[in-house]
Amino acid sequence: MSEYKVVNPATNETEREFATATDAEVQQVLERSARAFRSWRTSAKDERSKVLLRVAELYKERIDALAALITREMGKPTREAKGEIGLVASIYRYYADQGPALLADTPLSPRAGGKALVRKDPIGPLLGIMPWNFPYYQVARLAAPNLMAGNTIILKHAPQCPESALAMEQIFRDAGLPQDAYINIFASNAQVADMIADPRVAGVSVTGSERAGAAVAEVAGRHLKKVVLELGGSDPFIVLDSNDVAKTVKAAVAGRMGNAGQACNAAKRIIVVGDLYDEFTGQFTAAMAALHPGDPADPASDLGPLSSEAAAERLMDQIGDAVDKGATLRTGGKRVDRPGAFVEPTVLTDVTPQMRAYHEELFGPAAVIYRVADASAAVELANSSPFGLGGVVYSADPGRAQEIADLLETGMVWINSPQGSMADLPFGGTKRSGVGRELGPYGIDEFVNKKLIYVPDPR
């Protein structure tokens, strides 16, 4: 039985299955990608830009059909799916527009004289291992800068996103990208390990869990392959003070509940300073309780299901562990009474280090709110996590918020705004949230050879 299948999480019904690649097909893909690299690496940057620009246009032109695919595959509400596709189009357009300049030679001034420059050369076929929660966006973060740089891509998507994976491959072909410069493959985990070890693969990019990232990095390390890892997060949302509690609560709910709470950089730990806690927690709980879970294709639904029945059961186990050990359940905490992988929007308080919810990432519609005495305690609690992806700081005093942002052990901090993503801003974390950066000017530098070329002065 194939692991690649469409199981609609709104109904838990299997709608379509796809065959896993054979070992012979894996070898063919590796050879095709390596052969395509030899020609794509020498293509003109203007040619690459033209292809990426057309990719961006096709995402916009096909937005309705593309959104419907991921609504069915992983339960994303259609309006959120269209928002993801708009972001994806902006990423391809950004690298189409800025790529040639970002890849320009960097001149150096050697103290010993002569002329020197650093040239950014592509390194070869890259293997992308992508998750289900943002099926198009995660791929764009890898594909856009690296195709622009002259690398080729082999893409292994999440088993529950086969149709969207094929739709992306078709977009590249329709945009004029040479056929084997981007190849989708329905590979098994064992085949992925063999692909990483294969000398034709130059680097690996993974977005996923700690466990997946560690497994990939272990194999890549043995074979001296460059990796970029964007892993889990338990991002703090620190509220120092507020002149408009309702507005801050609205931002916190938005930051926590996008994609039914299934985002690595969602606001998973809400940390409120001092006397503001009671008012904030009351309003936040009421706002969460008012959300309406339902059919993700229905515009009236505020949030859809989790991505799978297994994901819903995992979240329920984490919530149950916290409540059993003394946490206060402010709202939610149960399955929604309807078919599908639905969990009620949940708020927990009084969570302690003895509970799984204190240390683990809650990947779903569940928020934990903490009360702290002052800003120093907020920073201490925020930094106590093994994760370090992103964070948010809210304050009526931007200068005070900046001071706290400087102390957070994260790859990203957003001030007086829920976390998001923009094509021209780098994305990535520290600690157990991974290594490397995607997007912006830094995203195109991860898988290039910064080659020094030096010419001495004539003698």
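Here is what the cut-offs are and how they apply
Residues numbered from 1 in each chain as written. Predicted model: local features only at pLDDT ≥ 70, side-chain atom pairs only at ≥ 80, totals over all residues. Heavy atoms only, no water. Helix = DSSP H or I, 4+ residues; strand = E, 2+ residues; numbered from the N terminus. Rg over C-alpha atoms; globule rule 2.2 N^0.38 Å. Contact = heavy atoms within 4.5 Å. Lys, Arg positive; Asp, Glu negative; His and termini not counted. Charge placed at Lys NZ, Arg CZ, Asp CG, Glu CD. Phe/Tyr/Trp six-rings, centres within 6.5 Å; stacked < 30°, edge-to-face > 60°. Buried < 20%, exposed > 50% of the residue type's maximum accessible area, 1.4 Å probe, protein only. Lys NZ or Arg CZ within 6 Å of the ring centre and 35° of its normal. Expected span 1.5 Å × (residues − 1). Pairing = 2+ DSSP bridges. Axes fitted to C-alpha atoms, helices over the stretch in contact; angles between N-to-C directions. Core = buried A, V, L, I, M, F, W, Y, C linked by side-chain atoms within 4.5 Å.

**Concerning the overall build of the protein**
Alright, step 1. From N to C terminus, the protein includes 15 helices and 20 strands.
Alright, step 2. Its C-alpha atoms give the protein a radius of gyration of 23 Å, near enough to 23 Å, the size a compact globule of 459 residues would have.
Alright, step 3. Its C-alpha atoms give the protein principal-axis dimensions of roughly 75 × 60 × 40 Å.
Alright, step 4. Relative to all contacts within the protein whose residues are 6 or more apart in sequence, the contacts with residues 24 or more apart total 71%.
Alright, step 5. Of the side-chain charges in the protein, 49 are positive and 57 negative, and the distance between the mean point of each set is 7 Å.

**Brief notes about the packing of aromatic side chains**
Alright, step 1. Tallying each qualifying case throughout the model produces 12 aromatic pairs.
Alright, step 2. With a centroid separation of 5.9 Å and an interplanar angle of 75°, the aromatic rings of Tyr92 and Phe172 are classed as edge-to-face. Taken together, the residues Tyr92 in helix α4 (residues 78–102) and Phe172 in helix α6 (residues 162–174) connect sequence positions 80 residues apart.
Alright, step 3. Assessed through its relative accessible area of 2%, Phe172 is described here as buried.
Alright, step 4. With centroids separated by 5.1 Å and ring planes inclined at 20°, the aromatic side chains of Phe237 and Tyr394 adopt a geometry described as stacked. Separated by 157 residues along the polypeptide, Phe237 in strand β10 (residues 235–239) and Tyr394 in strand β16 (residues 390–394) bring together distant segments of the chain. Like Tyr394, Phe237 is buried.
Alright, step 5. Site record: aromatic cluster; members linked through ring pairs are Tyr59, Tyr92, Tyr136, Phe172 and Tyr182.
Alright, step 6. Against the face of Phe427 rests Arg141, its NZ or CZ located 4.4 Å from the ring centre.

**Description of the environment of Pro110**
Alright, step 1. With respect to the helices and strands, Pro110 occurs in the loop between β3 (106–108) and β4 (115–122).
Alright, step 2. For Pro110, a relative accessible area of 25% gives the class partly exposed.
Alright, step 3. Spatially, the C-alpha atom of Pro110 lies 9.4 Å from that of Pro456, the residues being 346 residues apart in sequence.
Alright, step 4. Excluding residues that lie within four positions of it along the chain, Pro110 makes contacts with Lys115, Ala116 and Tyr454.

**A few points about the side chain of Asn383**
Alright, step 1. Within the element layout of this structure, Asn383 appears in the loop between α13 (375–382) and β15 (387–388).
Alright, step 2. In contact with Asn383, other than residues within four places in its own chain, are Leu407, Leu408, Glu409 and Lys431.

**Examining helix α2 (residues 45–61)**
Alright, step 1. Helix length check: α2, at 17 residues, gives a terminal C-alpha distance of 24 Å against a target of 24 Å (1.5 Å per residue), a fit within 8%.
Alright, step 2. Taken together, the buried positions of α2 are Arg48, Ser49, Val51, Leu52, Val55, Ala56, Leu58 and Tyr59.
Alright, step 3. Residues of α2 that are buried in the fold lie against α1 (23–40), α3 (63–74), α4, α5 (137–149) and α6.

**Let's talk about the sheet that holds strand β13 (residues 346–349)**
Alright, step 1. Taken in spatial order, the 7 strands make up an open sheet running β12-β13-β14-β11-β10-β16-β17, and their pairing is mixed. Only two strands of the sheet have a single partner each, and these edge strands are β12 (328–331) and β17 (412–415). For this sheet the average axis-to-axis angle between neighbouring strands, irrespective of direction, equals 25°.
Alright, step 2. Pairing between β10 and β16: 3 bridges, direction parallel. Across the sheet, Val239 pairs through a bridge with Tyr394, a residue of β16.
Alright, step 3. Lying on the sheet, helix α11 (residues 309–324) is in contact with β12, β13 and β14 (366–372); it crosses β13 at an angle near 30°.

**Focus: the nonpolar core**
Alright, step 1. In terms of nonpolar packing, the biggest core is built from 83 residues, with Tyr59, Tyr92 and Phe284 touching the most fellow members.
Alright, step 2. Broken down by element, this core gets its largest block of residues, 10 residues, from α4.
Alright, step 3. In terms of nonpolar packing, the next biggest core, distinct from the first, is built from 32 residues, Ala312, Tyr358, Leu362 and Leu408 among them.

**Things to note about the environment of Val253**
Alright, step 1. Position of Val253 among the secondary structure elements: in helix α9 (residues 245–257).
Alright, step 2. Given a relative accessible area of 11%, Val253 falls into the buried group.
Alright, step 3. Ignoring anything within four residues of it in the chain, the contact list for Val253 reads Phe284, Ala287, Met288 and Leu291.

**Describing unusual backbone geometry**
Alright, step 1. Even without being a glycine, Leu224 presents a positive backbone phi close to 55°.
Alright, step 2. Among the structural elements, Leu224 can be located in the loop between α8 (210–222) and β9 (226–230).
Alright, step 3. At Asp350, a position not held by glycine, the phi torsion is positive, near 60°.

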